[in-house]
Amino acid sequence: MFHLHTTDHSAATYSHSANQTESIRRLAGLSRQNQWILFTAECPRPSLELFVAYKVSCNNIVHMKPSKTLPEMAIVEKAIKSGNASAVVASGNISLADQQLLTSLANQHHCEVFFIDKEYGHYH
């Protein structure tokens, strides 16, 4: 199982499981748009069982290949700016400051960005 969270710190008032549920529900809604949900190569593969349980449409989900030249931060930035993604899911290896920058950039491009907490396999 994995956990999705955004860098929206207002969600800190929720319990961890409530935050997880809300994030997956948001991802489910985004999966119904006519745009991609992109997972960076640094993310573990999402659980099909979890997506089925929350009715996440897997038709528009892409798990990207690793880049030989670009760091994950640059890949996420390019994915957001492309305008082809309703959401980008990246690893928690990206610094908190860069996560906030990417979240702001995503908002400007009508996209959402999620980050995986590598230590726990949770998305935030």
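Above this note sits the structure.
Residues numbered from 1 in each chain as written. Predicted model: local features only at pLDDT ≥ 70, side-chain atom pairs only at ≥ 80, totals over all residues. Heavy atoms only, no water.

Caption draft 1: Summary view of the overall build of the chain. The number of helices and strands found in the chain is four helices and five strands. Mapped in sequence order, the helices and strands of the chain form the string α-β-α-β-α-β-α-β-β. Out of the 124 residues belonging to the chain, those deemed buried represent 43%. A separation threshold of at least 6 residues defines the contact pool for the chain, and within that pool the share at least 24 residues apart is 65%. (Helix = DSSP H or I, 4+ residues; strand = E, 2+ residues; numbered from the N terminus. Buried < 20%, exposed > 50% of the residue type's maximum accessible area, 1.4 Å probe, protein only. Contact = heavy atoms within 4.5 Å.)

Caption draft 2: Examining the environment of phenylalanine 114 more closely. Considering the arrangement of structural elements, one finds phenylalanine 114 in strand β4 (residues 112-117). What makes phenylalanine 114 buried here is its relative accessible area of 0%. Expressed as a C-alpha distance, the spacing of phenylalanine 114 and alanine 87, which sit 27 residues apart in the sequence, is 7.5 Å.

Caption draft 3: A look at the environment of serine 91. Take serine 91: it is sitting in strand β3 (residues 85-91). Along the sequence, serine 91 and valine 76 sit 15 residues apart, while their C-alpha atoms lie 10.0 Å from each other. The contacts of serine 91, once residues within four sequence positions are left out, are Thr40, Glu42, Cys43, Glu72, Phe115 and Ile116. Within the structure, the side chain of serine 91 is placed 2.5 Å from the side chain of glutamate 72, a separation counted as a polar contact. (Polar contact = N/O pair within 3.5 Å; in protein donor to acceptor, adjacent residues only side chain to side chain.)

Caption draft 4: Main features of the environment of serine 67. When you line up the elements, serine 67 lands in the loop between β2 (61-63) and α3 (72-82). It is 9.5 Å that separates the C-alpha atoms of serine 67 and threonine 40, two residues lying 27 residues apart in sequence. Polar side-chain contacts of serine 67 include one of 3.1 Å to the backbone nitrogen of threonine 69. Separated by 2.8 Å, the side chain of serine 67 and the backbone nitrogen of leucine 70 make a polar contact.

Caption draft 5: View of unusual backbone geometry. Non-glycine residue lysine 55 carries a positive phi angle of around 60°. Along the chain, lysine 55 turns up in the loop between α2 (48-53) and β2. The class of lysine 55 is exposed, set by a relative accessible area of 62%. In the Ramachandran plot, histidine 110 falls in the positive-phi region, its phi being about 55° despite a non-glycine side chain. By the element assignment, histidine 110 lies in the loop between α4 (96-108) and β4.

Caption draft 6: How the structure looks around the pattern of salt bridges. Tallied over the full model, the rule gives two salt bridges. Here glutamate 112 makes a salt bridge to arginine 26, at a shortest N to O gap of 2.2 Å. Taken together, the residues glutamate 112 in strand β4 and arginine 26 in helix α1 (residues 16-31) connect sequence positions 86 residues apart. Judged by relative accessible area, which is 22%, glutamate 112 ranks as partly exposed. For arginine 26, a relative accessible area of 27% corresponds to the partly exposed category. Lysine 81 is the salt-bridge partner of glutamate 77, the closest N and O atoms lying 3.0 Å from each other. In this pair, glutamate 77 and lysine 81 both sit in helix α3, four residues apart, roughly one turn of the helix. (Salt bridge = Lys/Arg side-chain N within 4 Å of Asp/Glu carboxyl O.)

What is shown is where atoms sit, not what they do.
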